[in-house]
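What the coordinates show
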Amino acid sequence: MTWRPQYRSSKFRHVFGKAATKESCYNGVPITRSVQDNHFCAANPRFLAVITECAGGGAFLVLSVHHTGKVDPHHPKVSGHRGNVLDIKWNPFNDYCIASCSEDATVKVWEIPPHGVFKNLTVPWKELQGHSRRVGLIEWHPTANNVLFSTAYDYQIMIWNLDCPEQVIKNPVRTISHHTDVVLSMSFNTDGSLMATTCRDRKIRLIEPHTGNLLRDANCKTHKASKVLALGNMKMLLTTGNSRWNVRQIALWDQDLSVPLFQEDLDGSSGVLFPFYDPDTHMLYIAGKGDGNIRYYEVSSEKPYIHYLTEYRSFLPQKGMGVMPKRGLDVSACEVFRFYKLVTNKSLIEPLSMIVPRRSESYQEDIYPMTAGNKPAMTAEEWLSGINKDPVLISLRPGSRVAESYSEMSKGQDSCRSQSRPGLLQLTYIQDQLGTKDGKEDSGHTEDKDDRRRTSVSNGQNPDACSPPRTENELLLKFHKQQDEIRRLREQLNQKDVRIKQLELEIKNVKNSQPQSPL
């Protein structure tokens, strides 16, 4: 009989939560006092948005992610709604576009200026009018550009195409009417071909968004689901809710929704459990409203399916949570997830980083696989015609292009070498561009060379996106990023030197082992 260890080996077994310092938090933010069970916060690599408390209508605040410290109480807001704002979501393919829904029964889509909000925004880019009661939840399609889903207290889910020229859109492209009560949450699988919902009637529904057909539903007597989450491409759903004895619990379902594959009671608190899932690391985070702790698990496709890792504990209770997309994480610190905790009693937004402890400061490819980027896989018209596509994947390696897709990464050995060395990437790009413009005038060649010389200095990034720092915090951030890049390059050079010495020794040994030819 062979001995087997009692523990489960995992590279994420020792993940820990690291709260930001006081200087890196956002202080003095008037966080909303709404009782809606939403996140109230949304983040992307450029901006942080949070719903605020205000008199006379609804508003939310948009801050630069580097604008830490004390927030001006008179900071301009996005304030075009006539009722309280209930939910906000950034466009996954446009960092300057955000959608909001309100008690005034409208959904509005806003264009944020590149340098932030310097005056109150009251005129939206698009206004969606179709619901008859207050709109409580919105979601963007994960792969199609400018496709937005909204659900309201009229029990309807409406699908909107934002590519139409009208500024005020009154007719959605499709309406889903399978619910008999208020929809509590919506979640999509990886390619957006399936949508899961939870409702106050205790039913979990699986819907095909293209046609609006109800594929199947389930009503478990021992589990009252409040939030649902599709676990990527694992063909499983996770729900959080309460048991018949009001104990908070989580449940894992197969897509046939017959019986739960896994069910676990957590505690007897009354706050709603917010689930968050990272499809790259297969880690599941459970954060309770009003709690200070965050539990995290690892999900597998085999029994027992969900493996408890550990728990982050804090004395600061969270009212809502924002999540940074993977392309906005600090890979040099082995950060795999980042929350933005809303602490209402202190008017504080606290960044919380989940970090994998590693000794090496180089890029860790095993914890950063190819991930969904900021490039849509298809247009809204293509999706409405019935097409489904997987998201466009990018690499998080420093120096690689942000909008680089998986197909572009696998063109051959030469392209892989270019992507691992930003300078060679720029040199190859310059040579290709010069080869395609042989027929132009010499003055045009001179201007192109000057432009590309400026591009080659930007470490593989677009110089237009590398704007000069405007505040001391931004300057410090760029300085620390530059130091991390220098440290990483030095480590790579040391590794190359060691490899060169090893090869020289091997060559010397081979020469010594060969018999000498007689004179």
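Quick caveat, the model's predicted, so the values are computed rather than measured.

This brings us to the confidence of the model for the protein. Here the protein shows a mean pLDDT of 84. Residues at 70 or above account for 84%. Counted against residues more than four places away or in other chains, residues 1-5, with its pLDDT under 50, gives 0 contacts. Within the model, the stretch residues 403-465 combines pLDDT values under 50 with 53 contacts to residues more than four positions away or in other chains.

Applying the stated criterion across every chain, the model contains 21 salt bridges. One salt bridge in this structure joins Arg358 and Asp366, with 2.8 Å as the shortest N-O distance. According to the relative accessible area criterion, Arg358 is partly exposed, its value standing at 29%. As a salt-bridge pair, Asp484 and Arg487 come within 2.8 Å of each other at their nearest N and O atoms. With Asp484 and Arg487 both in helix H6 (residues 472-513) and 3 residues apart, the pair spans about one turn of that helix. The class of Arg487 is partly exposed, set by a relative accessible area of 38%. Each of Arg248, Asp267, Asp291 and Arg295 takes part in salt bridges that share partners, so that together they form one network.

Spatially, the 4 strands line up as an open sheet ordered E17-E18-E19-E20, and their pairing is antiparallel. Where the open sheet ends on each side, the last strands, each with one partner, are strand E17 (183-188) and strand E20 (213-218). Each strand of the sheet is rotated relative to its neighbour by a mean of 20 degrees, with strand direction disregarded. Sheet analysis places strand E19 (residues 204-208) next to E20, joined by 5 bridges and oriented antiparallel. When the sheet's bridge partners are listed, Ile204 is paired in E20 with Ala218.

How each quantity is defined
- Residues numbered from 1 in each chain as written.
- Predicted model: local features only at pLDDT ≥ 70, side-chain atom pairs only at ≥ 80, totals over all residues.
- Heavy atoms only, no water.
- pLDDT = per-residue confidence, 0-100.
- Contact = heavy atoms within 4.5 Å.
- Salt bridge = Lys/Arg side-chain N within 4 Å of Asp/Glu carboxyl O.
- Buried < 20%, exposed > 50% of the residue type's maximum accessible area, 1.4 Å probe, protein only.
- Helix = DSSP H or I, 4+ residues; strand = E, 2+ residues; numbered from the N terminus.
- Pairing = 2+ DSSP bridges.
- Axes fitted to C-alpha atoms, helices over the stretch in contact; angles between N-to-C directions.

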